[in-house]
Amino acid sequence: MAVALIVAAGSGERLGSERPKAFVALGGRPMVEWSVEALRAVPGVDEIVVALPPGESAPDGTVAAPGGEVRSGSVRAALAAAGDGDPVVVHDAARPLAPPDLFARALAELEQHPCEGAVAAAPVTDTVKEADDRRVVRRTLERDRLWAVQTPQAFRRPALERALDVDDDVLAAATDDAWLVERMGGTVRVVPAPRENLKVTTALDLKVAELLLGERA
Ligand code: C5P
């Protein structure tokens, strides 16, 4: 059976709210609860662990873990608090609109292909250029092959455990867990995600998420 880790321990400074971002009200409930509800509807997930900021408690029916200083530190702490489920699906509480089907597709991808990880991702629609420190463009990337990577991210547990067993500076450099698996030589596949799986970072994102939830209802 699979275990799900929700990382909810960030402060969310860019949102400018008093409470940590994952606990800000969205559609009448703390943001993190939308991810918990979606995960409860995913076949094969039998444990949900939530990495928490100080002073917040875990949603009903989930296991609490203390958040880490950096995001992947929170993933490591949540995995340490989990039972022995395998595979592991990691999700950011900051993506409250991820539908159950997306978690299920990431887990299925892992089962159906010889890979260590399967990550939700959206094809890039903007043209992406690399610029130097003086903002001079150095190259234009080939858009057809670019994916903007999101969560959920599903992993075979031994691969994720090995990937997270690194020094704190490596952990701090990780903007997602798949990168940690890639740097160990693991194969990671992308799973196309719906555009609604947005990340709430700013007050504008929160408004858009409210609107999308309203449409769902
Ligand atoms: O800050 P950002 O939105 O990139 O964080 C992504 C996710 O990681 C959020 O759900 C946040 O709560 C979580 N996080 C965490 N522990 C940290 C930093 C971020 O659980 N130390």
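Residues numbered from 1 in each chain as written. Predicted model: local features only at pLDDT ≥ 70, side-chain atom pairs only at ≥ 80, totals over all residues. Heavy atoms only, no water.

1. A word on the overall build of the protein
For step 1, the next point in the chain: Helices and strands together make up the secondary structure of the protein, namely 7 helices and 11 strands.
For step 2, the next point in the chain: The C-alpha radius of gyration of the protein comes to 17 Å, within 12% of the 17 Å expected for a compact globule of 217 residues.
For step 3, the next point in the chain: Across the 217 residues in the protein, those meeting the buried criterion constitute 45%.
For step 4, the next point in the chain: For the protein, long-range pairs separated by at least 24 residues make up 68% of all intrachain contacts whose partners lie at least 6 apart in sequence.
For step 5, the next point in the chain: Carbon and sulfur atoms make up 49% of the accessible area of the protein, which totals about 11300 Å².
For step 6, the next point in the chain: Treating the 25 positive side-chain charges of the protein as one cloud and the 34 negative ones as another, the clouds have centres 6 Å apart. (Helix = DSSP H or I, 4+ residues; strand = E, 2+ residues; numbered from the N terminus. Rg over C-alpha atoms; globule rule 2.2 N^0.38 Å. Buried < 20%, exposed > 50% of the residue type's maximum accessible area, 1.4 Å probe, protein only. Contact = heavy atoms within 4.5 Å. Areas by Shrake-Rupley, 256 points an atom, 1.4 Å probe, with all protein chains shown as cover. Lys, Arg positive; Asp, Glu negative; His and termini not counted. Charge placed at Lys NZ, Arg CZ, Asp CG, Glu CD.)

2. Examining the site of the ligand
For step 1, the next point in the chain: The full set close to the ligand counts 15 residues, and V7, A9, K21, S74 and K199 are the nearest of them.
For step 2, the next point in the chain: A distance of 3.4 Å separates an oxygen atom of the ligand from a polar atom in the backbone of A8.
For step 3, the next point in the chain: Here an oxygen atom of the ligand and a side-chain polar atom of K199 are 2.8 Å apart.
For step 4, the next point in the chain: Notes on the ligand: free accessible area 460 Å², of which the protein chains cover 85%.
For step 5, the next point in the chain: Mapping the ligand onto the cavity grids shows that it belongs to the largest pocket.
For step 6, the next point in the chain: Here the residues of the shell around the ligand are counted per class, giving 6 nonpolar, 3 polar and 6 charged. (Near = heavy atom within 4 Å. Polar contact = N/O pair within 3.5 Å; in protein donor to acceptor, adjacent residues only side chain to side chain. 1 Å grid on protein atoms, 1.4 Å probe; cavity = no way out; pocket = protein on both sides within 12 Å on 5 of 7 lines; lining within 4 Å. Sits in = over half its atoms within 2 Å of the grid points. Nonpolar A, V, L, I, M, F, W, Y, C, P; charged D, E, K, R; others polar.)

3. With respect to the environment of C115
For step 1, the next point in the chain: Its place among the elements puts C115 in the loop between α3 (100–112) and β7 (117–123).
For step 2, the next point in the chain: When the C-alpha atoms of C115 and R156 are compared, they prove to be 8.4 Å apart, with 41 residues separating the residues in sequence.
For step 3, the next point in the chain: With near-sequence residues (within four places) excluded, C115 lies in contact with E109, L110, R156, T187 and R189.

4. Concerning the pairing of strand β1 (residues 2–7)
For step 1, the next point in the chain: Taken across its 6 residues, β1 has 6 buried, putting it largely inside the fold.
For step 2, the next point in the chain: Every second residue of β1 is oriented toward a common face, with A2, A4 and I6 on one face and V3, L5 and V7 on the other, all of them buried.
For step 3, the next point in the chain: One ladder, built from 6 bridges, connects β1 with strand β4 (residues 45–52); its direction is parallel. Across the sheet, V3 pairs through a bridge with E47, a residue of β4.
For step 4, the next point in the chain: Sheet topology places β1 next to strand β6 (residues 88–92); 5 bridges connect them, and they run parallel. (Pairing = 2+ DSSP bridges.)

5. Quick word on the nonpolar core
For step 1, the next point in the chain: Among the nonpolar cores identified, the biggest contains 29 residues, and I6, V32, L39, V45 and I48 are the most heavily contacted of them.
For step 2, the next point in the chain: Elements represented by at least two residues in this core include exactly β1, α1 (32–40), β4, α3 and β7.
For step 3, the next point in the chain: Ranked by the residues each element gives to this core, the list is headed by α3, at 5 residues.
For step 4, the next point in the chain: Core analysis: the second largest hydrophobic core is formed by 24 residues, L5, V88, A163 and A174 among them. (Core = buried A, V, L, I, M, F, W, Y, C linked by side-chain atoms within 4.5 Å.)

6. Concerning a nonpolar patch on the surface
For step 1, the next point in the chain: A cluster of nonpolar side chains, contributed by W147, V149 and V190, occupies part of the molecular surface with about 220 Å² of accessible area.
For step 2, the next point in the chain: With respect to the helices and strands, W147 occurs in strand β10 (residues 147–155). (Patch = residues over 30% accessible without salt bridge, like charges linked within 9 Å, V, L, I, M, F, W, Y side chains within 5 Å. Salt bridge = Lys/Arg side-chain N within 4 Å of Asp/Glu carboxyl O.)

7. Some details on unusual backbone geometry
For step 1, the next point in the chain: Each neighbour pair has its own omega, and for D86 with P87 the value is 5°, a cis peptide bond.
For step 2, the next point in the chain: Across the junction of T151 and P152, the peptide omega takes the value 10°, indicating a cis bond.
For step 3, the next point in the chain: Tracing the backbone through its elements, the reader meets P152 in strand β10.
For step 4, the next point in the chain: A positive phi is found at R135, a non-glycine position, where the angle reads about 65°.
For step 5, the next point in the chain: With respect to the element layout, R135 can be found in the loop between β8 (129–131) and β9 (137–140).
For step 6, the next point in the chain: Residue classification places R135 among the exposed residues on the basis of a relative accessible area of 75%.

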